[in-house]
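Examining the three-dimensional arrangement
Letter by letter, the chains look like this.
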Amino acid sequence: MKYSTQKYLSFLLIIAPILFFVFYVWQYTINVPFLDDSLYYTKCLVDVEKSDSAVDAFWIFMKQHTITEHRTPISKFTAWLIYKFTGKFDYVTLAHLGNLALFGMLFLFWRFFKKHGWSVLYFTPIPFLIFQMQTYENQFWTICNWTYYPIGLLQMVVLYLLSYQKRNNLLYAIITAILVTFTFSNGMFVFLPAGLLLIYQKRYKALGAFIVVGVACVALYFSNYKPSPIAPHEFSLVHLLGGFILMLGSYVDVQGLHQFSAVTSSIFGIIILSLMTWGGITLLKDYFESEEISSKNTENNDFQFIISSMIVLCMSAGAVAYSRYSGEFGFEEMFVSRYRFISVTLLCLGYSFVLLLVKKEVTKRLILAFFLPITVLLYVYSYYFIHENNVNFREKLVAATYNFKHHNSWVLYPFDNDWTYQVDVENVAAIKMGIYQLPTLPFTAFQEAINKDTVQNASNLPLALEEKKDRFILKNETLNVENPLIVEQNVVLKSKRNTYLLPLKRQRNKSRRDFLFRQNYFWKGFETDILKNTFIPDEYTIGLLKIQDGKYNIQYSNLKLKL
């Protein structure tokens, strides 16, 4: 097979964003639970190991989240398999397995493109969309990691199998529909577009089978169901429609809530809705004009797959817009990173649909010439803009690991927070039972020495302390902040009896010129939040820890803080 320069370039453009994604995520994923990860996975494994029977274990996997209505037995069972096969439960392994959903989505679109024999070059925008970093919560926070992209992928697989009618596809679609229902609550939405597809195809026996399975799945899902204790907001049709449109277009707003975010996101959302409406009208026209819908009509099958996939994603967007609008924060929730998977996937579907509609090769190339640079630019900029969040997220968990080792508490929440006790207790139990083990980090070799270190040679470090209602904010404007993968830096709270580490909240370089020519991503200085009612009451001296080249050093300041 002969490959032209264009094909080599195309494959390079496809592989490059994937490799960088893998390299980046591999570096910044850490084996530490975040927020309610412990209540989803650690607690589940502890309870399963204590259970007396397989029936008890089944209902533990099926147990709802502590503060929401969601049931996620598929991801919990995967966590249990990791523990059983490796001897320890590892959040990094779980996160990497969850990220495989992105590769599944890539493969699904690849199959779609290959069906039409389109040039590989037309496929190049897809990996730049799928492997961008705007949805960073879905890459690093394991609950989200096993929630949003997996349900998007599995829902699309169900609709793909039903749209392209082949032997055993119905069986595979039913099995996948069951899996997606128990991956996350929104997964059950797939039964509606699947039913519409089967009605459109006039496959009424298959529709009956899907209805029976769907009713059984929903009945099992809601057995012993407890509604979420979170009080619903006051319903507003304007807020629902506005949030829905913004969510469909949120991908084009990289920075989140900039002055044009509502405009750009709304325009894209309206374009997506227009494409979906036009495609739906085309399908309805074929339905009423044809006595039988041919399963061999490839273009019609393509329409079925794309429009039904858009419908199920829009259902998820509507659910989020309804449940997450906040009177206090307005439409801010519509731009949360984990929900942007909807917009990303819709953009992939929209681009594929436009290529499907355009018949002339010249027009296709013009569309590619417009679309590819935009996707590349947004891909690169998403990593640049989000890197600050990812580094600070990782450093928060690094410091929490030290604190847990010495205090049996992550020290992430105040004592009066509902989660504090539950999260800490479950992880203590998991460690004692050998289910979970704290990761080895740069400070691991020195943690006992750091803990026993005494305040010496205190100096007047350039630190400022500002008191707020629920916290103190420690500020510095001169420290050279390093890449934490090379040089670990933390704030130290030291008293005669207790030692805590706190993360430096790094800030992205305010000078893009300095960033480009000197490769200084971080601006000088940092901020650190010291939450009240979170640490053992004592008088603490504040210091700065630096670990580099296998050595550690603590500089203590004259600044003291009574907590």
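Predicted model only: the values in this text are computed from it and were never measured. (Residues numbered from 1 in each chain as written. Predicted model: local features only at pLDDT ≥ 70, side-chain atom pairs only at ≥ 80, totals over all residues. Heavy atoms only, no water.)

Examining the pattern of salt bridges
For the structure shown, the criterion picks out twelve salt bridges. A salt bridge links E466 to K468; its shortest N-O distance comes to 2.9 Å. On the accessibility criterion, E466 (28% relative accessible area) is partly exposed. Between E466 and K475 there is a salt bridge, with its nearest N and O atoms 3.0 Å apart. If you follow the salt bridges from partner to partner, you end up with K43, D47 and E426 in one network. (Salt bridge = Lys/Arg side-chain N within 4 Å of Asp/Glu carboxyl O. Buried < 20%, exposed > 50% of the residue type's maximum accessible area, 1.4 Å probe, protein only.)

Considerations on the sheet that holds strand 5 (residues 526-531)
Backbone hydrogen bonds hold the strands of a sheet together, and the pairing may be parallel or antiparallel. Read from one edge to the other, the open sheet built from three strands follows the order 1-2-5, with strand pairing classed as antiparallel. The open sheet terminates on both sides in strands that have one partner only, identified here as strand 1 (464-467) and strand 5. Neighbour-to-neighbour, the strand axes of this sheet turn through a mean angle of 25°, independent of strand direction. Here strand 1 runs beside strand 2 (residues 471-476); their pairing, made up of four bridges, is antiparallel. Paired with L465 across the strands is L474, a residue of strand 2. (Pairing = 2+ DSSP bridges. Helix = DSSP H or I, 4+ residues; strand = E, 2+ residues; numbered from the N terminus. Axes fitted to C-alpha atoms, helices over the stretch in contact; angles between N-to-C directions.)

Some thoughts on the environment of T528
In this structure, T528 sits in strand 5. Under the relative-accessibility criterion, T528 is labelled buried at 1%. Linking T528 and L12, residues 516 residues apart in sequence, is a C-alpha distance of 41 Å. If we skip the residues at most four places from it in the chain, T528 touches F472, I473, L474, V491, L502, P503, L504 and K505. (Contact = heavy atoms within 4.5 Å.)

Considering the side chain of N186
The residue N186 is located in the loop between helix 10 (169-181) and helix 11 (191-200) in this model. Beyond its immediate chain neighbours, meaning those up to four positions away, N186 contacts I151, Q155 and S316.

Observations regarding the packing of aromatic side chains
Per the stated rule, a full pass over the model turns up 47 aromatic pairs. Measuring from centroid to centroid gives 5.6 Å for Y148 and F341, while their planes differ by 45°, and the two rings are tilted. Remark: F341 occurs in helix 16 (residues 340-357) and Y148 occurs in helix 9 (residues 148-163); sequence separation between them is 193 residues. Pair check on accessibility: Y148 and F341 agree, each one buried. Aromatic pair F303 and F353: ring centres 5.1 Å apart, planes at 75°, arrangement edge-to-face. Of this pair, F303 sits in helix 15 (residues 298-324) while F353 sits in helix 16, and the two are 50 residues apart along the sequence. (Phe/Tyr/Trp six-rings, centres within 6.5 Å; stacked < 30°, edge-to-face > 60°.)

Details of a nonpolar patch on the surface
A cluster of nonpolar residues, V22, W26, L97, L100 and F103, forms a patch on the protein surface that exposes about 470 Å² of accessible area. The biggest single contributor to the nonpolar patch is helix 5 (residues 91-115), with three residues. Structurally, the position occupied by F103 is in helix 5. Take F103: its relative accessible area is 30%, and that puts it in the partly exposed class. (Patch = residues over 30% accessible without salt bridge, like charges linked within 9 Å, V, L, I, M, F, W, Y side chains within 5 Å. Areas by Shrake-Rupley, 256 points an atom, 1.4 Å probe, with all protein chains shown as cover.)

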